[in-house]
Amino acid sequence: MSAITSPLKGEDKKVVTTALQGALVDLLELSLLGKQAHWNVIGHHFRSLHLQLDEIVAAAREHADTVAERAVAIGANPDGRASTLAKTSEVPEIEAGYINDGKVVAAMTDILGSVIRRMRERIEATEKPDPVTQDILIEITQDLEKQHWMIEAQR
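Asker: What exactly am I supposed to notice about the packing of helix α1 (residues 10-40) against helix α5 (residues 131-152) here?
Answerer: Helix packing geometry: the angle between the two helix axes and the distance between the axes. Following both chains from N to C, one finds α1 and α5 inclined at 25°, their axes separated by 11 Å at the closest point. Viewed along their axes, α1 and α5 adopt a mutual orientation that is roughly parallel. As for how α1 packs across α5, the hand of that crossing is left-handed. Residues V16, L20, A23, L27 and L30 of α1 form the contact with α5, whose participating residues are T133, L137, I140 and L144.

Dropping the structure here:
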């Protein structure tokens with residue numbers, strides 16, 4: 001069996017692999033929490049939030065796939081298993097059961113803000129070792145910041 005060779009070496013590969021794995025965990029967790037909120041939101045703004053949460057989930061899933069494929073392209077193995085998410089996620093939890101629309105807006109604003117902060121740290125960390133990965137992270141962060149703005153505007 002052959003392995004994928006990496007254009008990155010040593011410490012550069014380690015820094016980039018760590019950034020990509022962290023981004024993957026954040027994005028997968030965001031997609032799961034977005035669906036949890038989507039299924040359980042109640043209140044006067046149910047319909048608009050229900051649809052907006054689907055947009056957030058779709059974006060998170062698409063970006064997770066891009067991140068995982070980038071990891072493989074540089075010779076790293078992405079790990080999106082549920083057990084890995086449970087052990088390593090730093091994303092704030094969302095409550096179980098029905099959630100009032102105002103609480104969903106507050107929770108998703110906090111969740112997105114948390115993910116964005118870590119994405120910006122990864123952008124900075126990957127600037128020198130791999131500008132290609134940095135570009136991917138910048139694009140993801142731009143999209144997440146747009147989603148953050150759109151959900152936060154409902155407060």
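Asker: Which parts of the structure should I look at to understand the nonpolar core?
Answerer: Nonpolar side chains in soluble globular proteins tend to end up buried together. Core analysis: the biggest nonpolar cluster contains 38 residues, and L30, I94, V104, M108, M119 and L144 have the highest contact counts within it. Looking at this core, the elements that each hand over two or more residues are α1, α2 (46-73), α4 (101-126) and α5. Looking at this core, the element that brings in the most residues is α4, giving 10 residues. With sequence-adjacent residues up to four places away left out, M119 is seen in contact with A23, L27, L137, I140, T141 and L144.

Asker: So what exactly am I meant to see when it comes to the packing of α4 against α5 here?
Answerer: Where α4 contacts α5, the two axes come as close as 9 Å, and the packing angle between them is 160°. The angle between α4 and α5 places the two elements in the roughly antiparallel class. Once α4 is placed against α5, the crossing between them reads as left-handed. Here the residues of the contact of α4 with α5 are counted per class, giving 13 nonpolar, 8 polar and 4 charged.

Asker: Would you take a moment to explain the environment of G102 for this structure?
Answerer: On the secondary structure map, G102 appears in helix α4. A sequence separation of 40 residues divides G102 from E62, and the C-alpha atoms of the two residues are 27 Å apart.

Conventions we followed
- Residues numbered from 1 in each chain as written.
- Predicted model: local features only at pLDDT ≥ 70, side-chain atom pairs only at ≥ 80, totals over all residues.
- Heavy atoms only, no water.
- Axes fitted to C-alpha atoms, helices over the stretch in contact; angles between N-to-C directions.
- Helix = DSSP H or I, 4+ residues; strand = E, 2+ residues; numbered from the N terminus.
- Parallel < 35°, antiparallel > 145°, perpendicular 65-115°, else oblique.
- Left-handed = near helix turned anticlockwise from the far one by under 90°.
- Contact = heavy atoms within 4.5 Å.
- Core = buried A, V, L, I, M, F, W, Y, C linked by side-chain atoms within 4.5 Å.
- Buried < 20%, exposed > 50% of the residue type's maximum accessible area, 1.4 Å probe, protein only.
- Nonpolar A, V, L, I, M, F, W, Y, C, P; charged D, E, K, R; others polar.

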